[in-house]
Amino acid sequence: MTTPRPPLIIVDAANVVGSKPDGWWRDRHGATERLRDRLVGLAETGLPGIPGPVEVVMVVEGQARHVAPSPTVSTEPAPRSGDDRIVDLVSEHRGRQMTVVTADRELRRRVTDLGADVMGPSALPDARMGT
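Keep in mind it's a predicted model, so treat the numbers as computed, not measured.

Asker: Please explain the layout of surface pockets as it appears in this structure.
Answerer: It is a probe the size of a water molecule, rolled over the atoms, that shows where empty space is left. Estimated volume of the largest pocket: approximately 160 Å³. If one sorts the elements of the lining of the largest pocket by residue count, helix α1 (residues 13-18) sits on top with 4 residues. Residue composition of the lining of the largest pocket, by class: 6 nonpolar, 4 polar and 2 charged.

Asker: Which parts of the structure should I look at to understand unusual backbone geometry?
Answerer: Across residues other than glycine, the phi torsion is negative in most instances, and most of the peptide bonds are trans. A cis amide bond, omega 5 degrees, links G52 with the succeeding residue P53. With respect to the helices and strands, the residue P53 is situated in the loop between β3 (50-51) and β4 (55-60).

Asker: Is there a simple way to explain the sheet that holds strand β5 (residues 73-77) in this structure?
Answerer: What links the strands of a sheet is backbone hydrogen bonding, and the strands pair in either a parallel or an antiparallel sense. Sheet architecture is open: 5 strands sit in the order β5-β4-β1-β6-β7, paired in parallel fashion. Both outer strands of the open sheet, β5 and β7 (117-119), are each paired with one neighbouring strand and no more. Pairwise comparison of adjacent strand axes, ignoring direction, gives a mean angle of 25 degrees for this sheet. In the sheet, β4 pairs with β5 via 5 bridges, with the strands oriented parallel. Residue pairing in the sheet places V59 in a bridge with E76 of β5.

Asker: Help me out: how do you make sense of the pattern of salt bridges in this one?
Answerer: Opposite charge on two side chains permits pairing when their charged atoms draw close. A full pass over the atoms with the stated rule returns 8 salt bridges. A salt bridge links E106 to R109; the shortest N-O distance between them is 2.5 Å. Of the two residues, E106 and R109 are both situated in helix α5 (residues 105-113); the distance of 3 residues between them amounts to about one turn of the helix. On the accessibility criterion, E106 (43% relative accessible area) is partly exposed. The closest approach of N and O atoms between R109 and D113, which form a salt bridge, is 2.9 Å. Placement of both R109 and D113 in helix α5 is noted, with a separation of 4 residues, approximately one turn of the helix. We classify R109 as partly exposed; its relative accessible area is 41%. Salt bridges here are not isolated pairs; linked through shared partners, they connect R5, E55 and R96.

The rules behind the values
Residues numbered from 1 in each chain as written. Predicted model: local features only at pLDDT ≥ 70, side-chain atom pairs only at ≥ 80, totals over all residues. Heavy atoms only, no water. 1 Å grid on protein atoms, 1.4 Å probe; cavity = no way out; pocket = protein on both sides within 12 Å on 5 of 7 lines; lining within 4 Å. Points joined across faces, edges and corners; volume = space filled by probe spheres on them. Helix = DSSP H or I, 4+ residues; strand = E, 2+ residues; numbered from the N terminus. Nonpolar A, V, L, I, M, F, W, Y, C, P; charged D, E, K, R; others polar. Pairing = 2+ DSSP bridges. Axes fitted to C-alpha atoms, helices over the stretch in contact; angles between N-to-C directions. Salt bridge = Lys/Arg side-chain N within 4 Å of Asp/Glu carboxyl O. Buried < 20%, exposed > 50% of the residue type's maximum accessible area, 1.4 Å probe, protein only.

Right, dumping it as structure tokens:
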């Protein structure tokens, strides 16, 4: 008997970082590292309506493409478009419970068409606090 995989949370790092005008544009890599660090406990706690344990994958692109993973947050570098990599991940994990965290309307449409749920950046821990 196979143990079911935990729900998958895919975070659109560029969109989440860009959702708060806190100066992130001066250091995209650093802002993405701070986001990763805010997500460390998410694997255990989950999100509203999705209790832990969960698997957390943060899709990184552009200047933040080389942000290292943490023990509980994987990073998935996007060779081109972060949105396209997120859609690919959703396709690769079809049939698994997954939620994409983004505010991007077009990306929301693309992943819900593939069966993923979507939450906005405010669902993440400390999303309203400055980093």
